[in-house]
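Here are the chains, one letter per residue:
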Amino acid sequence: EVQLVESGGGLVQAGGSLRLSCAASGFTFDDYAIGWFRQAPGKEREGVSCIMSSNGRTWYDDSASGRFTISSDNAKNTMYLQMNSLKPEDTAVYYCAAGEYYYCGDPGLRSGAGMDYWGKGTLVTVSS
């Protein structure tokens, strides 16, 4: 059974940091692209960051570049998103997703189309 479980969300002050975790079971990270997406109330889901586990290629949305860092621990089958210098506009539910044939950074797939599996999300709230 494939399962993705996010953790690490919470309430933080603007300028603070959080580290989100995505623990996977039922498949191996090495065979998949793993991405973080977020959705704020009333807005469309958008891609935040993605990593191609097979070759290590990473992608970041412009809003995250320079502040967020994606990484994976293949031994633990866990992926992380380190978020620094958080802003109120980062407030959203953050979702972990995995796709066997997903191509990180493809403009036509920024919403996560093509991802095979999704977690249930973790809420990040950044106060001003």
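Residues numbered from 1 in each chain as written. Predicted model: local features only at pLDDT ≥ 70, side-chain atom pairs only at ≥ 80, totals over all residues. Heavy atoms only, no water.

1. Side note on the overall build of the protein
In terms of regular secondary structure, the protein is built from zero helices and eleven strands. Each helix (α) and strand (β) of the protein, taken in turn from the N terminus, gives the series β-β-β-β-β-β-β-β-β-β-β. For 128 residues, the compact-globule estimate of 2.2 N^0.38 gives 14 Å, and the C-alpha radius of gyration of the protein, at 13 Å, lies within 12% of that figure. On the principal axes, the C-alpha backbone points of the protein span a range of 40 × 30 × 25 Å. For the protein, the residues scored as buried account for 41% of the 128 residues in total. Sequence separation of at least 24 residues holds for 60% of the intrachain contacts in the protein that already meet a minimum separation of 6. Accessible area for the protein stands at about 6,500 Å²; split by element, carbon and sulfur atoms hold 45% of it. (Helix = DSSP H or I, 4+ residues; strand = E, 2+ residues; numbered from the N terminus. Rg over C-alpha atoms; globule rule 2.2 N^0.38 Å. Buried < 20%, exposed > 50% of the residue type's maximum accessible area, 1.4 Å probe, protein only. Contact = heavy atoms within 4.5 Å. Areas by Shrake-Rupley, 256 points an atom, 1.4 Å probe, with all protein chains shown as cover.)

2. Let's talk about the side chain of S53
Along the chain, S53 falls in the loop between β5 (46-52) and β6 (57-60). Residue classification places S53 among the buried positions, given a relative accessible area of 15%. A polar side-chain atom of S53 sits 2.9 Å from the main-chain carbonyl oxygen of F29. (Polar contact = N/O pair within 3.5 Å; in protein donor to acceptor, adjacent residues only side chain to side chain.)

3. Examining the side chain of S21
By the element assignment, S21 lies in strand β3 (residues 18-25). Setting aside residues no more than four positions away along its own chain, S21 makes contact with V5, E6, S7, W36, T78, M79 and Y80.

4. Regarding the state of the cysteines
Across all of its chains, the model carries two disulfides by this definition. A sulfur-sulfur distance of 2.0 Å marks the disulfide that ties C50 to C104. Measuring the twist about the S-S bond at about -55°, one finds the C50-C104 disulfide to be left-handed. Here C50 is found in strand β5, whereas its partner C104 is found in the loop between β9 (92-99) and β10 (117-118), with 54 residues between them in sequence. Assigning the bonded cysteines of the protein consecutive numbers by sequence position, one obtains the connectivity 1-3, 2-4. (Disulfide = S-S within 2.5 Å.)

5. Here's the deal with a negative patch on the surface
Taken together, the side chains of D30, D31, E100 and D116 make up a negatively charged region of the molecular surface. Within the secondary structure, D31 is located in the loop between β3 and β4 (33-39). (Patch = residues over 30% accessible without salt bridge, like charges linked within 9 Å, V, L, I, M, F, W, Y side chains within 5 Å. Salt bridge = Lys/Arg side-chain N within 4 Å of Asp/Glu carboxyl O. Lys, Arg positive; Asp, Glu negative; His and termini not counted. Charge placed at Lys NZ, Arg CZ, Asp CG, Glu CD.)

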